[in-house]
Amino acid sequence: MKRRTFMKNSLGTAITAGLGGITLSSFGLTKPTQLESEDIQQLLKPKDAYDLHFMAVGDWGRNGADHQLAVAGQMGQWADQHPNDFIISTGDNFYPSGVVSEHDPLWHYSFENIYTAFSLQWDWYPILGNHDYKSDPDAQVRYSTISRRWKMPARYYSKTFALKDGKKVLMAFIDTNPMIPEFYSNSEYGPHVAGQQPEKQLAWLDQLLENSDAHWKIVVGHHPLYTAGPRTTNYDTLAVRKVLESIFEKRGVDIYLSGHEHSLQHLKVEGKKFHQFISGAGSEVTPVKTDLPYSRFAKDQYGFFSFSISSEEIACQVISHEGIELYRTVLTKVCPFLKKVYKNRILKS
């Protein structure tokens, strides 16, 4: 015991002698330095010319089957190598019939145990798809109180993001299911759309868009207004187009992002201000048409979208489950002078 004490004292003496009487204060350590975890993450985060980044994936919840795991893996790799602030889910989060509660095992098998990459642990902003309406859609709202990353405060909601120059991006996350009249007489959907008052949601959306001073306006809903997939003239496509298109045009919506069609699409109807993007290939894929005049890109391949936003432009990339960039486009704001020349044409690409 005495020997150990002697060794410690000898070591301390040797260190003190080696320092030549220099005190710790000489090294500038009198004031503690604290680096927050957020600061560390920001230092390590890849940077580019854009202020806001997010990925969008839809129609994915199949317990990892039918390439869901492959898409999830590529999403994780993409977010590891590129800036990404959050993930949007465009609905049909759980096949075949949604979840029965916030404790349903599908939360583990189709979500928590699939999107496991550290880079995918940030905020997810989901919306409800038609398959989510077959059980208890509000269970997905309640899961927000359990999960740190699942951010769904209501069946429809909005969030505003700030760009570096003070401009804003408004995102409206809507529930398109109550907007489809046929659902009310459907034995599976009917009980959960009953009493939803779609006119109330439409009034909320119209007022939200009208009152917003956002530089970019993006609406996220499950059912597309236009599609190059099998549902080009389907009842649900026509139903949401009937009630939403006039609001989008009147309120200057830049992008409508949806799922439902199990493919990856970019559509732009001549004379319409908004661009339609479809990200519904998180697992199963279905065929697309190649002869539609408003289709700029349509691919029946598994994958997801990546969006990058600045005040000047929105860059969009489509990434396959194999990590291949399938498509890239850039949307830009027209300057005030050209805006007068082109009148209501807000976007060009």
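What this report covers is the structure whose coordinates are included nearby.

Rules of the game
- Residues numbered from 1 in each chain as written.
- Predicted model: local features only at pLDDT ≥ 70, side-chain atom pairs only at ≥ 80, totals over all residues.
- Heavy atoms only, no water.
- Axes fitted to C-alpha atoms, helices over the stretch in contact; angles between N-to-C directions.
- Helix = DSSP H or I, 4+ residues; strand = E, 2+ residues; numbered from the N terminus.
- Parallel < 35°, antiparallel > 145°, perpendicular 65-115°, else oblique.
- Contact = heavy atoms within 4.5 Å.
- Phe/Tyr/Trp six-rings, centres within 6.5 Å; stacked < 30°, edge-to-face > 60°.
- Buried < 20%, exposed > 50% of the residue type's maximum accessible area, 1.4 Å probe, protein only.
- Lys NZ or Arg CZ within 6 Å of the ring centre and 35° of its normal.

## A look at the packing of helix α7 (residues 198–211) against helix α8 (residues 235–250)
Step number 1: The interhelical angle for the contact between α7 and α8, taken along N-to-C directions, is 10°, at an axis separation of 10 Å. Classified by the angle their axes make, α7 and α8 are roughly parallel. In this structure, α7 contributes Leu 202, Leu 205, Asp 206 and Leu 209 to the contact, and α8 contributes Val 243, Leu 244, Ile 247, Phe 248 and Lys 250.

## What about the packing of aromatic side chains?
Step number 1: Per the counting criterion, the structure on display carries 32 aromatic pairs.
Step number 2: Seen in terms of ring centroids, Phe 277 and Phe 307 are 5.4 Å apart; in terms of plane orientation they differ by 85°. Their pairing is edge-to-face. Highlighted residues: Phe 277 in strand β9 (residues 275–279) and Phe 307 in strand β11 (residues 303–309), separated in sequence by 30 residues.
Step number 3: For Phe 277, a relative accessible area of 0% puts it in the buried group.
Step number 4: According to the relative accessible area criterion, Phe 307 is buried, its value standing at 1%.
Step number 5: Ring pairing ties together the aromatic residues Phe 54, Phe 86, Tyr 125, Tyr 157, Phe 161, Phe 173, Phe 277, Phe 305 and Phe 307, which thus form one cluster.
Step number 6: Lying across the ring of Phe 111, Arg 149 places its NZ or CZ 4.4 Å from the centre.
Step number 7: When the ring centre of Trp 216 is taken as origin, the NZ or CZ atom of Lys 333, which lies over that ring, is 4.7 Å away.

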